[in-house]
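Examination of the molecular architecture
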Amino acid sequence: MKQNYTVRHGALEGVETFLAVARHHSFRRAAAELGVTPSAVSQAVRGLESRLGAALFTRTTRSVGLTEAGQRFFDRAGPAFAELVAAGEVARDLGQRPAGLLRLSVPRGVVPLILEPVIGSFAQAYPEIELEIAASEEMVDLAAGGFDAGIRFGQFIAPDMVAVRLTPPFPFMIVASPDYLARHGRPERVEILRHHACLRLRRSNGAIAHWSFANGTERIEAAVSGPLIAHDYPTLLGAAIRGVGLAQVPGPLVRTPIADGKLESVLDALAVMTPGVFLYHPGKRQMLPKLRAFIDHITSAS
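In what follows, the accompanying structure is described. Along each chain, numbering runs from 1 in the same order as the chain's sequence is written. For a predicted model such as this one, the threshold for reporting local features is a pLDDT of at least 70, and the threshold for listing and counting side-chain atom pairs is 80 or more; totals across whole chains, interfaces and linings nevertheless cover every residue. Side-chain figures throughout are based on the complete set of non-hydrogen atoms in the structure, without hydrogens or water.

1. Quick look at the pattern of salt bridges
Any Lys or Arg side-chain nitrogen located within 4 Å of an Asp or Glu carboxyl oxygen qualifies as a salt bridge. Taken as a whole, this structure holds 11 salt bridges when the rule is applied. One salt bridge connects R103 with E132, and the closest N-O pair in it is separated by 3.1 Å. Of this pair, R103 sits in strand β3 (residues 100–106) while E132 sits in strand β4 (residues 129–135); the two residues are 29 residues apart in sequence, bridging distant segments of the chain. Its salt-bridge partner being R219, residue E221 comes within 3.2 Å of it at the nearest N-O pair. Secondary structure elements are defined from DSSP: runs of H or I of at least 4 residues count as helices, runs of E of at least 2 residues count as strands, and each element is numbered from the N terminus.

Below, the structure is given as structure tokens:
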């Protein structure tokens, strides 16, 4: 059965005052606890009774007692108000120190390069923070997905986000295994790529990404073809290492395989530059200490 959670304007006004009077059985002692005048307590209770349409207290010159309506209201409002107070303390606590669940949306390729080197030291430095990494190529709505921040290439970050640089700009590089290049030759021009097995990326919007090249100030887009379409760069990189074909991937991903002799780069002079990788979030006013701590930690480690 669907429940109606609509709260009328002012529905909670006077509840704290009512609870104080009910506990003390006295308007004067309730006023002393709340730091207000007895007349202010009486006015708040009358306002609450008026909104509820029922008398909550029976009053004599010597005592204050609860009516049946007042007792029922006290039995349910007391625990509910205590929960509200506890909820406020939890929220206040999270707003004052690094603690709680920190959720990040990141591409798969970013995890080994940027996050894995700092996860251990961050967990040790901030034991009260739970770090959740959602590795996906999908461009998510941070607020709708319940994420504190995301990590993406700079060109894909919306202008209304606050962006924090994590890497310098770097090229997108064309790479292949030495075995593949020995069998098929090294392409020297973009036009030659139509004769090669080119491994392609399908973006989160469903489109297959063209390969991009820089010819001076001119940017060239090339539609290529090949035996594999993947949804992330690590899969393309692994296939290239195994000799399946050529892949265009972010430069930082191929530094180690090239140094190890597992890959070679081609068409370097035409490599297009990307702004780099950034952490992004909705804004400083919405930043909790847990995110501030993570940003400080990851930027100092880079």
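Now, onward.
2. Here's the deal with helix α8 (residues 233–241)
Think of an α-helix as 3.6 residues a turn; residues three or four steps apart then line up on the same face. Classification of residues uses two cut-offs on accessible area relative to the type maximum, computed with a 1.4 Å probe and protein chains only: under 20% is buried, over 50% is exposed, and between them is partly exposed. Taken together, the buried positions of α8 are Y233, L236, L237, G238, A239 and A240. In this structure, the buried side of α8 is in contact with β5 (149–153), β7 (170–176), β8 (198–201), β11 (229–230), β12 (246–250) and α9 (251–259). Positive backbone phi, at 85°, marks G243, one or two positions downstream of α8. Should any heavy atoms of two residues lie within 4.5 Å, those residues are considered in contact.

3. Side note on the sheet that holds β5
A sheet is described by the order of its strands in space; here five strands give the open sequence β4-β3-β5-β15-β6, paired in mixed fashion. Strands with a single pairing partner mark the edges of an open sheet, and in this sheet they are β4 and β6 (162–165). For this sheet the average axis-to-axis angle between neighbouring strands, irrespective of direction, equals 25°. Strands were regarded as paired on the criterion that DSSP finds at least two bridges between them. Sheet topology note: the β3/β4 ladder contains seven bridges and is parallel. To get an axis, a line is fitted to the C-alpha atoms, and for a helix only the part in contact is used. The angle between two axes follows their N-to-C directions and goes from 0 to 180 degrees.

4. Observations concerning the packing of helix α1 (residues 15–24) against helix α2 (residues 27–34)
In the contact formed by α1 and α2, the axes pass within 8 Å of each other and the chain directions differ by 125°. One element, α1, and the other, α2, form an angle in the oblique class. Note on packing geometry: the crossing formed by α1 with α2 is right-handed. Of α2, the residues touching α1 (which contributes E16, T17, A20, V21, R23 and H24) are F27, R29, A30, E33 and L34. Its residues placed into classes, the contact of α1 with α2 shows five nonpolar, two polar and four charged. Roughly parallel here means an angle under 35 degrees, roughly antiparallel means over 145, roughly perpendicular means 65 to 115, and every remaining angle is called oblique. If you view the pair so one helix is near and one far, a crossing is left-handed when the near helix is turned anticlockwise from the far one by less than a right angle, and right-handed when it is turned clockwise. Charged residues are taken to be Asp, Glu, Lys and Arg, nonpolar residues to be Ala, Val, Leu, Ile, Met, Phe, Trp, Tyr, Cys and Pro, and polar residues to be all remaining types, Gly included.

5. Observations concerning the packing of aromatic side chains
Centres within 6.5 Å make a pair out of two Phe, Tyr or Trp rings, where for Trp the six-membered ring is used; the pair is then stacked when the planes are under 30 degrees apart, edge-to-face when over 60, and tilted otherwise. Applying the stated criterion across every chain, the model contains 11 aromatic pairs. Ring centres of F153 and F156 lie 6.4 Å apart, and the angle between their planes is 55°; this geometry places the pair in the tilted category. Seen from their ring centres, F153 and Y233 are 6.2 Å apart, and the 70° between their planes marks the pair as edge-to-face. In this pair, F153 sits in strand β5 while Y233 sits in helix α8, placing the two residues 80 residues apart along the sequence. Among the residues examined, F153 registers a relative accessible area of 12% and is labelled buried. Among the residues examined, Y233 registers a relative accessible area of 12% and is labelled buried. To sit over a ring, a charge needs its Lys NZ or Arg CZ within 6 Å of the ring centre and within 35 degrees of the ring normal. In this structure, R103 packs its charged tip against the face of F147, placed 4.2 Å from the ring centre.

6. As for the packing of α2 against helix α3 (residues 38–52)
Relative orientation of the contacting elements α2 and α3 amounts to 105°, with a least axis distance of 8 Å. Regarding the angle of α2 to α3, the classification is roughly perpendicular. Counted together, F27, R28, A30 and A31 of α2 and P38, V41, S42 and V45 of α3 form the full contact between these two elements. In the contact of α2 with α3, the residues fall into six nonpolar, one polar and one charged.

7. Focus: unusual backbone geometry
Look at H25: it is not a glycine, yet its phi comes out positive at around 55°. On the secondary structure map, H25 appears in the loop between α1 and α2. Classification of H25 as partly exposed rests on a relative accessible area of 44%. In this model, L267 sits at a positive phi of 55°, which is unusual for a non-glycine residue. Looking at where L267 falls in the secondary structure, it is placed in the loop between β13 (264–266) and β14 (272–274).

8. Points about the pairing of strand β15 (residues 277–281)
The buried fraction of β15 is high, at five of five residues. In terms of strand pairing, β5 meets β15 through four bridges, oriented antiparallel. Of the residues in β15, the one forming a bridge with I151 is L279. As paired strands, β6 and β15 are joined by four bridges and run antiparallel to one another. Bridging across to β15, V162 finds its partner in H281.

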